[in-house]
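Residues per chain, in single letters:
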Amino acid sequence: MSARGTGARGAALFALRRGLHGLVVLWAAYTLSFLILSALPGDPVTIMLGAAGQAAGTPEQVAALRAEHGLDRPLALQYLVQLGGIVRGDLGTSYTSGQPVASLIAAAVPTTVELAVWTLLFALLGGGALALTASASRSPRLRGLLAALPGLGASLPTFFTGLVLLQVVAFRLRLIPALGAHGFAGVVLPALTLALPIGAIVAQVLFRALESAWDQQFITTYRAAGLSRPRLLLAHALPVAALPLLSIAGVLAGQLLGGAVVVETVFTRNGLGRLAQTAVANQDIPTVQGIVVLCAAVFVLVNLAADLLYPLVDARTRPAADPRARRTPLRRSRGRTAPQQPAVLQEARP
Amino acid sequence: MSTTAPSTAGSSQAVPSPAATASPAPASAAADGIPAAAVAADAHGSHTAPARLPPARWLSRLPRPSAGTLLAATVLVLALSWALAPSAFAPGNPLLGQPRERLQAPGLAHWFGTDHLGRDVYTRTVHGAAVSLGTTALAVLAAFDIGSAAGATAATAGGVAESLIMRTVDVAQSIPGLLLSMAVVTALGFGPVAIALAVAASSAPAFARIAHGEVLRWRSSLFVEAARLNGVGAVRTVVRHVLPHAAGPVLALAAVEFGTAILAVSALSFLGYWAPPPQPEWGLLVSEGRDYLASAWWLTALPGLAIAAVALSVNHLARRIGAQRRPA
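Residues numbered from 1 in each chain as written. Chains lettered and ligands numbered in written order. Predicted model: local features only at pLDDT ≥ 70, side-chain atom pairs only at ≥ 80, totals over all residues. Heavy atoms only, no water.

Another aspect to go through is empty space enclosed by the protein. Residue and element names in this part refer to chain B. Summed over all chains, the structure comprises 3 cavities of 30 Å³ or more. When its volume is computed, the largest cavity comes out at roughly 80 Å³. As for the largest cavity, its lining consists of Asp115, His116, Val121, Arg124, Leu285, Glu288, Gly289, Leu299 and Pro303. Every element with two or more residues in the lining of the largest cavity is listed here: α7 (121-157), α13 (282-289) and α14 (298-325). (1 Å grid on protein atoms, 1.4 Å probe; cavity = no way out; pocket = protein on both sides within 12 Å on 5 of 7 lines; lining within 4 Å. Points joined across faces, edges and corners; volume = space filled by probe spheres on them. Helix = DSSP H or I, 4+ residues; strand = E, 2+ residues; numbered from the N terminus.)

This is how it looks when you write it as structure tokens:
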């Protein structure tokens, strides 16, 4: 940021406000998941005894289990005790494995992060290339065809594409071992599978933003100045069109985590998604709740990061400390469409 | 688009007639600049959905369907016929296998091949359509009801109730849809109804949001105010005069959500939360075929293709409906 002093203080206040808002959302997400998991019918003790292979425990066993997991306390107290635990980083104990949920999650996170990084890379590259090609193509037929592809990618069930990839690449072509491969060979197929629906969102958002960028005046000015079409697209339209991607970052993160459940189950990777899948299958409430809260936290953090990054990359959304300072830059920027255009061209515009 | 409709019949009165039906007293309607004849015609005509065109006219306004739309409609009609009359398309028994014909590749005798028990996969796919599509329909219906009711209530009630409902909606949307569904499955247990409610829980917030916005939009319109001034009760005003207008965008969303819900239902049943295994269901069929992925591709690929085809068709038609609603 160029402006220091009041600008920096304004930015700090802005960050603080967004951070507090994120904490409130996180608390509310925990409360909602607690309400769903604890207030709906279904007795966890019966489930635990069922998981242990006993059809119905003796009343003493039931009472002992209840006391052990604090289920004999009133619901409001359980809620507060759990909330206190979450603040201290304690997510409770798994019903089925007896291990702390926090350590189960910590063990699963690296696998999912590896998947997420490769998926994002593939999705951004693939979706970006598709949107750029569609936007650059001059034949309306080709453009329509390319623009329709993301809808196709988003409609395919993830488990189906995953199994088809596994079938063709691993079993037919034998390019990659089906299971147990480490490093890139192990992650490429799951990442490609998950990148299909995510890349579809990226392509759709980017294509729409590129289309509206073409109509903006600064592009017209550059075009009049004789810039080539590829250069216009890559150097001037793309930076502006990439901004909306930042605002859907939270949605993309949510899609990634949700998709990881299916993809990790298909490819039997021991990540967060597979942990969630088995926890639900065993009705292991503390683990399910821990993962739900973690996902909400990721969503909140990604949105927070996007909110804080936005002013850095887009001068139009920069918050100002005092209202008098806010007025001038906004008024000046109203006619301006891109922060990175040179001053000469700005002056030349009517 | 309705402003261009020529008024040939009382029921096709496009813009002014909502005000006319909303105010039973002709004097007040005439004061709003509405011809008395239109009011009189409307007074005899039906009071429901005045802005809607007669079916024939509505159909003729649709652009000629493209090849893709026709294909999508064909797929949907076929899937619906499978669901309604499975035995007409596959007379065999989906649960009974012939051990001698196990793991047969697709051919003339078995279009989709057979599974490890010698059961015909085509028969199982056809018979699975009813539960798969039925569960999806139940999910969308529940989400539609719960979500629209919550959104409409929030917009009507205002104040604390509104912020409570709408903030809950915000928070529900901060949890990934599939994980929210999985939390509901954990609480409710397994089975088709639990899966339907779980999927409904993840798509209800979208309905609540759009219903909230639509009711807010129409509530401040002149004809609703006229109804209120004429002493129509609050609940009756909303049900009779606000909801019919809000219905359009909410129904368009329902089409989109149906496509999402098909994928969500099949994903949840693929993950193993479908209670009775012998009953064929599309996601479950794919999941059962996983063990034979290396040797029998048809067990996963062909039922999976059925899900993909239906989801694609629904999404394509939903987009067409959406484009139809927002003329450029």
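That was the structure; now back to the text.
All names here are of chain A. Residues Leu13, Leu16, Leu20 and Leu23 make up a contiguous nonpolar surface patch of roughly 410 Å² in combined accessible area. Inspection of the secondary structure assignment puts Leu23 in helix α1 (residues 6-39). In this structure Leu23 comes out as exposed when scored by relative accessible area, which is 53%. (Patch = residues over 30% accessible without salt bridge, like charges linked within 9 Å, V, L, I, M, F, W, Y side chains within 5 Å. Areas by Shrake-Rupley, 256 points an atom, 1.4 Å probe, with all protein chains shown as cover. Salt bridge = Lys/Arg side-chain N within 4 Å of Asp/Glu carboxyl O. Buried < 20%, exposed > 50% of the residue type's maximum accessible area, 1.4 Å probe, protein only.)

At the interface, 43 residues of chain A touch 40 residues of chain B. Carbon and sulfur atoms supply 78% of the area buried between chain A and chain B, which totals about 3500 Å² over both sides. Where chain A packs against chain B, one counts 0 salt bridges. Linking chain A to chain B there are 6 residue pairs in polar contact (both at pLDDT 80 or more). Mapped by element, the contributors of at least two residues to the side of chain A that touches chain B are α1, α6 (140-155), α7 (158-172), α12 (249-266), α13 (272-281) and α14 (285-313) of chain A. (Contact = heavy atoms within 4.5 Å. Buried area = accessible area lost by both parts, 1.4 Å probe. Polar contact = N/O pair within 3.5 Å; in protein donor to acceptor, adjacent residues only side chain to side chain.)

Residue and element names in this part refer to chain A. An ideal rise of 1.5 Å per residue puts 18 Å on 13 residues; helix α4 (residues 75-87) measures up with 18 Å between its terminal C-alpha atoms. Among all positions in α4, only Gln78, Tyr79 and Gly85 are buried. Angular distribution of buried residues about the axis of α4 spans 130 degrees; they occupy a single face of the element. Across α4 from its buried face, at more than 90 degrees, point the exposed residues Ala76, Leu80 and Val87. Positive backbone phi, at 90 degrees, marks Gly89, one or two positions downstream of α4. (Expected span 1.5 Å × (residues − 1). Arc of directions from axis to C-beta.)

This next bit is on the domain arrangement of chain A. Residues and elements named next belong to chain A. Partitioning chain A into domains gives domain 1 (17-87) and domain 2 (101-317). Centre-to-centre separation of domain 1 and domain 2, based on C-alpha positions: 33 Å. Between domain 1 and domain 2, the residue contacts involve 14 residues of the former and 12 residues of the latter. Interface area for domain 1 against domain 2, summed over the two sides, is near 1100 Å², with a carbon-plus-sulfur share of 76%. Asp307 is paired through a salt bridge with Arg18; the nearest N and O atoms lie 2.8 Å apart. Counting the contacts that link domain 1 with domain 2 gives 2 residue pairs in polar contact (both at pLDDT 80 or more). Listed by contribution, the elements that provide at least two residues to the side of domain 1 that touches domain 2 are α1, α2 (44-51) and α4. Examining the composition of the side of domain 1 that touches domain 2, we find that 10 residues originate from one element, α1, more than from any other. (Domains from an automatic or database assignment.)

Soluble, globular proteins show a tendency: their nonpolar side chains are buried together. With 135 residues, the main nonpolar core has Phe159(A) and Met182(B) as its most contacted residues. Looking at which element gives the most residues to this core, the answer is helix α8 (residues 184-214) of chain A, with 16 residues. Taken domain by domain, the makeup of this core includes at least three residues from each of domain 1 (17-87) and domain 2 (101-317) of chain A. Excluding residues within four positions of it along the chain, Met182(B) makes contact with Val261(A), Ala276(A), Gln277(A), Val280(A), Leu268(B), Leu271(B) and Tyr273(B). Grouped together as the second largest cluster of nonpolar side chains are 8 residues, Ala155(B), Val224(B), Val242(B) and Ala246(B) included. (Core = buried A, V, L, I, M, F, W, Y, C linked by side-chain atoms within 4.5 Å.)

Taking the UniProt record as the reference, the feature "transmembrane region" (unreviewed entry) is found at residues 67-85, 178-200, 250-275 and 295-318 of chain B. For residues 295-318 of chain B, the helix share is 88%, the strand share is 0%, and the end-to-end C-alpha distance is 37 Å. (UniProt positions renumbered as here; feature names shortened; annotations may be inferred.)

Attention shifts here to the packing of aromatic side chains. Under the criterion given, the structure shown has 13 aromatic pairs over all chains. Between Trp118(A) and Phe122(A), the aromatic rings sit 6.0 Å apart at their centres with planes inclined by 40 degrees, giving tilted as the arrangement. Pair noted here: Trp118(A) and Phe122(A) are both in helix α5 (residues 101-136), with a separation of 4 residues, about one helical turn. For the pair Trp218(B) and Phe223(B), a centre-to-centre distance of 6.1 Å together with 45 degrees between the ring planes defines the contact as tilted. As far as the burial class goes, Trp218(B) and Phe223(B) line up, both buried. A network of ring pairs unites the aromatic residues Tyr30(A), Phe34(A) and Tyr79(A) as a single cluster. (Phe/Tyr/Trp six-rings, centres within 6.5 Å; stacked < 30°, edge-to-face > 60°.)

For the structure shown, the criterion picks out 9 salt bridges over all chains. Residue Glu211(A) is joined to Arg143(A) by a salt bridge in which the shortest nitrogen-to-oxygen separation is 3.0 Å. Of this pair, Glu211(A) sits in helix α8 while Arg143(A) sits in helix α6, and the two are 68 residues apart along the sequence. Accessibility expressed as a relative area gives 25% for Glu211(A), which makes it partly exposed. Arg143(A) gets classed as partly exposed once you look at its relative accessible area, which sits at 23%. Arg119(B) is the partner of Asp115(B) in a salt bridge, and the nearest nitrogen-oxygen pair spans 2.9 Å. By relative accessible area, which is 8% here, Arg119(B) ends up buried. Among the ionic contacts, a cluster of salt bridges with common partners joins Asp115(B), Arg119(B), Arg124(B) and Glu288(B).

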